[in-house]
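# Understanding the architecture of this molecule
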Amino acid sequence: MRLALSPTLCPDYTVDRFVELARGAGFERVELLRDRTESSPVHRDFSVSMVRDLLRREGVVLAAFHIRDLTGLKADSDERNLAYNLRQLEWDIHLARALGAEHLVVRAGEGTSDSAEEDLTDGLGQLVERVPAVSLSMSSRAGSQLQGLADYDELLARVPDSIGVCLDTGELLAAGEDVVRVAESLASRVGIVRLRDRSGDDSVPPGCGDLPLEELLSQLQRGGYRGDLVVDLAESTEGDRSRTAEDGRQRLEEILDGLFAEAGDR
């Protein structure tokens, strides 16, 4: 398994500053988000080629790219318009390919209505048809129509087998799910893992909260997962960010080394 850093700990950093932080903290792989942070490649000060060249120059791999949410709605409104939303997501997928992203992640929109569930299922099927041969995983989201294991079981039975699971521990914990049980049940469909630990409603460093980190990583190894572990850290203050990222990496590497030394790989 390989570690990648998410820009969640420095949402105000542009992509160049974030990549510099990641490299300084010992990460060679990163995640970028289409929205929610200033490190989005869709930024007034950067072009696609500039971001691609930056990653290449710094020797950093774009392990994962979060596209916009599959809401079934027109942008910034409550108007149901799946076709509009899918055009947005298709554009994001082409952007991710231009950047060399290895894996794409999409989340469900907020809400638990029947129409939202229908749009999620139909939308995923249409995305796969429109943009084939893309590594796309669906992430759960507390307060949406895809929150936990029961929702995943129902959704995965209705969408193409090429759709994977983004095992987002922070969202699963927020929804009250048993993360290890989810990982075991969905082992054959896990496409990527995002690690965020929580203590109640608060995000905490890896291994310091409610997430049974060693048990989860052991289960992932037994289940055959060899992909990325995206380190999703809570936003920290300016002076603490590099140390927070480096401490998170070192903590996870120690656990991985201890768990998988006998296996001979990660």
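Residues numbered from 1 in each chain as written. Predicted model: local features only at pLDDT ≥ 70, side-chain atom pairs only at ≥ 80, totals over all residues. Heavy atoms only, no water.

With the rule as written, the count across this model stands at 27 salt bridges. For the salt bridge of Arg-34 with Asp-92, the shortest nitrogen-to-oxygen distance reads 3.0 Å. Of this pair, Arg-34 sits in the loop between β2 (29-33) and α2 (48-58) while Asp-92 sits in helix α3 (residues 82-99), placing them 58 residues apart in sequence. Look at Arg-34 and you get buried, because its relative accessible area is 13%. According to the relative accessible area criterion, Asp-92 is buried, its value standing at 0%. (Salt bridge = Lys/Arg side-chain N within 4 Å of Asp/Glu carboxyl O. Helix = DSSP H or I, 4+ residues; strand = E, 2+ residues; numbered from the N terminus. Buried < 20%, exposed > 50% of the residue type's maximum accessible area, 1.4 Å probe, protein only.)

Attention shifts here to the side chain of Arg-196. With respect to the helices and strands, Arg-196 occurs in the loop between β7 (190-195) and β8 (197-199). At 2.7 Å, the side chain of Arg-196 and the side chain of Ser-203 are in polar contact. Polar side-chain contacts of Arg-196 include one of 3.0 Å to the side chain of Asp-232. Setting aside residues up to four positions removed in sequence, Arg-196 forms contacts with Thr-8, Thr-169, Gly-170, Leu-173, Ser-203, Leu-211, Asp-232, Leu-233 and Ala-234. (Polar contact = N/O pair within 3.5 Å; in protein donor to acceptor, adjacent residues only side chain to side chain. Contact = heavy atoms within 4.5 Å.)

This next bit is on the pairing of strand β4 (residues 104-107). Of the two faces of β4, the one carrying Leu-104 and Val-106 and the one carrying Val-105 and Arg-107 are both buried. Judged from the two bridges that link them, strand β3 (residues 61-66) and β4 form a sheet pairing that is parallel. Across the sheet, the residue bridging to Phe-65 is Leu-104, located in β4. By the bridge criterion, four bridges tie β4 to strand β5 (residues 136-139) in an arrangement that is parallel. When the bridges of β5 are listed, Leu-104 appears paired with Leu-136. (Pairing = 2+ DSSP bridges.)

Further remarks concern the environment of Arg-107. Among the structural elements, Arg-107 can be located in strand β4. Given a relative accessible area of 9%, Arg-107 falls into the buried group. For the pair Arg-107 and Ile-67, spaced 40 residues apart in sequence, the C-alpha to C-alpha distance is 8.1 Å. Ignoring anything within four residues of it in the chain, the contact list for Arg-107 reads Arg-36, His-66, Asp-69, Leu-70, Met-138, Ser-139, Arg-141 and Glu-171. Polar contacts involving the side chain of Arg-107 include one to the side chain of Asp-69, which spans 3.3 Å.

Another aspect to go through is unusual backbone geometry. With a phi angle near 80°, Arg-36 is a residue other than glycine that sits in the positive phi range. As for its position among the elements, Arg-36 is in the loop between β2 and α2. For Arg-36, a relative accessible area of 43% corresponds to the partly exposed category. Backbone geometry places Asp-76, a non-glycine residue, at a positive phi of 55°. For Asp-76, the position within the fold is in the loop between β3 and α3. Residue Asp-76 is classed as exposed on the basis of its relative accessible area, which comes to 86%.

This paragraph deals with the nonpolar core. By size, the foremost hydrophobic cluster in this structure holds 82 residues, and its most contacted members are Leu-5, Leu-124, Leu-217, Leu-220 and Leu-229. The leading source of residues in this core is α3, at seven residues. Ignoring any residue separated from it by four or fewer positions in sequence, one finds Leu-124 in contact with Leu-70, Val-106, Leu-136, Met-138, Leu-155, Val-159 and Ile-163. (Core = buried A, V, L, I, M, F, W, Y, C linked by side-chain atoms within 4.5 Å.)

Moving on: the packing of helix α8 (residues 213-222) against helix α9 (residues 241-260). The geometry of a pair of packed helices is captured by two quantities: the angle between their axes and the separation between those axes. Running from N to C, α8 and α9 point in directions that differ by 55°, and their axes come no closer than 10 Å. Overall, the two elements α8 and α9 adopt an arrangement that is oblique. Viewed along their axes, α8 and α9 form a crossing whose handedness is right-handed. Within the contact between the two elements, α8 uses Leu-213, Glu-214, Leu-217, Ser-218 and Gln-221 and α9 uses Arg-251, Leu-252, Ile-255, Leu-256, Leu-259 and Phe-260. Looking at the contact of α8 with α9 residue by residue, the classes come out as seven nonpolar, two polar and two charged. (Axes fitted to C-alpha atoms, helices over the stretch in contact; angles between N-to-C directions. Parallel < 35°, antiparallel > 145°, perpendicular 65-115°, else oblique. Left-handed = near helix turned anticlockwise from the far one by under 90°. Nonpolar A, V, L, I, M, F, W, Y, C, P; charged D, E, K, R; others polar.)

Turning next to the confidence of the model for the protein. With 98% of its residues at a pLDDT of 70 or more, the protein shows a mean pLDDT of 91. Mean pLDDT across the elements of the protein bottoms out in helix α4 (residues 114-130) (87) and peaks in β2 (97). (pLDDT = per-residue confidence, 0-100.)

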